[in-house]
Every structure is written in C-alpha cells, then in structure tokens.
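# Summary of structural features
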Amino acid sequence: MMERLTIEVPPESICVKSAECPRGHSLMDSAHPMGGVASIKLVVISSKGEGELFLNSWYGNFEYESTMELVEGEVCEVVCPTCRASLRSEEEHCMFCGAPMFVLRLPQGGVIAACARKGCHNHKLKIVDISAQLAQLFDLDTRPRY
Ligand SMILES: [Zn+2]
Ligand SMILES: [Zn+2]
C-alpha cells in the first residue's frame with residue numbers, strides 16, 4: 001500500500017538544475033542565466049516563425065525571454081534546440097484550456113509539464129521516484145529499527 005504524498009512548494013523555492021529532451025540532451029543554458037542561474041533553452045515554433053525561448057529555471061516563475069514575439073493565446077510547438085525532438089506530451093492536455101502540454105524531463109524520472117498556450121500558466125511538477133528524492137532530503141533508513 002503506497003501512501004500519496006502531496007508536496008506544496010511556494011513559488012520560486014525550487015530551482016531546476018537539470019532538464020532534458022526525450023533523447024537526453026540537456027536543455028540548461030548557463031550562457032544565458034536568468035534569476036542568477038542557468039535558464040532552460042528551447043526552440044519555439046509558432047505561426048510567426050521560429051525562435052529561441054529561454055525559461056526562468058525557478059519553478060513557478062513565468063518569466064521568459066524569446067527571440068521571437070509570442071502571440072497571446074496561441075499554442076506553440078516546443079522542440080529541443082539540439083535534436084529538434086518535440087517536447088509535446090502524447091498523453092497530457094492542459095486541464096484549463098485543453099492545449100497540449102510540453103514536458104521537460106528531470107533526473108530520476110521526474111517531469112515538469114507546462115501548457116503550450118502562451119498566457120496559460122498551467123504547469124505541474126511530477127516527481128516519480130519520490131523515495132529516492134526523499135532519501136536525499138531526509139536521512140531515510142539511517143535509524144535502527146526495533
Ligand atoms: Zn534533444
Ligand atoms: Zn493551458
């Protein structure tokens with residue numbers, strides 16, 4: 001029997017240190033820092049064309065910089081800057097607006113999913129291997145069991 005654990009995090013208390021495309025390319029760009037840390041670099045494709053998109057790595061911060069103007073309300077395609085693999089999720093759609101979600105892979109099976117519609121701020125953080133993550137946060141299994 002697994003217990004469900006809900007973790008609430010205040011905005012900008014978690015900083016993404018490692019995010020990858022589905023083929024394992026790092027999306028972190030230390031040459032383009034935002035908020036004092038490496039940003040997440042993506043390529044965004046919209047009706048206006050294609051450009052680079054830099055996301056702030058602080059989870060819950062929606063600041064971004066783009067080399068191309070993004071149209072409010074438009075659903076964009078987001079691809080890996082290295083291999084151009086689509087980051088669009090096959091299964092997930094935004095529970096608010098129905099647009100596809102795009103997914104950033106985190107270490108140990110975690111993901112960040114975010115709505116691909118400009119202006120919709122729906123996003124979520126999923127940590128799959130929670131025991132491994134918790135083991136790093138707390139000293140699990142270090143006390144003797146009686
Ligand atoms: Zn890639
Ligand atoms: Zn949405």
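Residues numbered from 1 in each chain as written. Chains lettered and ligands numbered in written order. Predicted model: local features only at pLDDT ≥ 70, side-chain atom pairs only at ≥ 80, totals over all residues.

For the rest of this paragraph, the subject is the overall build of the protein. Broken down by element type, the protein carries one helix and nine strands. In the protein, the succession of helices and strands from N to C terminus is β-β-β-β-β-β-β-β-β-α. Looking at the protein as a whole, 21% of its 146 residues are labelled buried. (Helix = DSSP H or I, 4+ residues; strand = E, 2+ residues; numbered from the N terminus. Buried ≥ 20, exposed ≤ 12 C-beta atoms within 10 Å, placed from the backbone.)

A sheet is described by the order of its strands in space; here four strands give the open sequence β6-β7-β8-β9, paired in antiparallel fashion. This sheet does not close on itself; its edge strands, each paired only once, are β6 (88-93) and β9 (123-126). With direction set aside, neighbouring strand axes in the sheet form an average angle of 30°. One ladder, built from two bridges, connects β6 with strand β7 (residues 100-105); its direction is antiparallel. Its bridge partner being in β7, R88 is matched across the sheet by F102. (Pairing = 2+ DSSP bridges. Axes fitted to C-alpha atoms, helices over the stretch in contact; angles between N-to-C directions.)

This next bit is on the environment of C15. Checked against the element boundaries, C15 lands in the segment before β1 (28-34). Remark: the alpha-carbon pair of C15 and V37, spanning 22 residues in sequence, is separated by 8.3 Å. Not counting residues up to four positions away in its chain, the partners in contact with C15 are V37, S57 and W58. (Contact = placed C-beta atoms within 7 Å.)

Let us look at the nonpolar core. I40, L42, V78, L87, M101, F102 and L104 are the most contacted members of the largest nonpolar core, which totals 23 residues. Where this core is concerned, the elements lending two or more residues are β2 (37-46), β3 (49-55), β5 (77-79), β7 and β8 (111-115). Here L87 is in contact with C21, L42, V78, V79, C80, F102, V103 and L104, once residues within four sequence places are set aside. (Core = buried A, V, L, I, M, F, W, Y, C linked by C-beta atoms within 7 Å.)

Here the focus is the pairing of β2. On any regular strand, side chains alternate: one points to one face of the sheet, the next to the other face. The element β2 is extensively covered by neighbouring structure, given that seven of its ten residues are classed as buried. Pairing between β1 and β2: four bridges, direction antiparallel. Residue pairing for β2: M34 is matched across the bridge by V37. Pairing between β2 and β3: seven bridges, direction antiparallel.

Residue position: M68 is located in the loop between β4 (64-66) and β5. Distance from M68 to L53, taken between C-alpha atoms, is 8.0 Å for residues 15 residues apart in sequence. Excluding residues within four positions of it along the chain, M68 makes contact with V44, K48, G49, E50 and G51.

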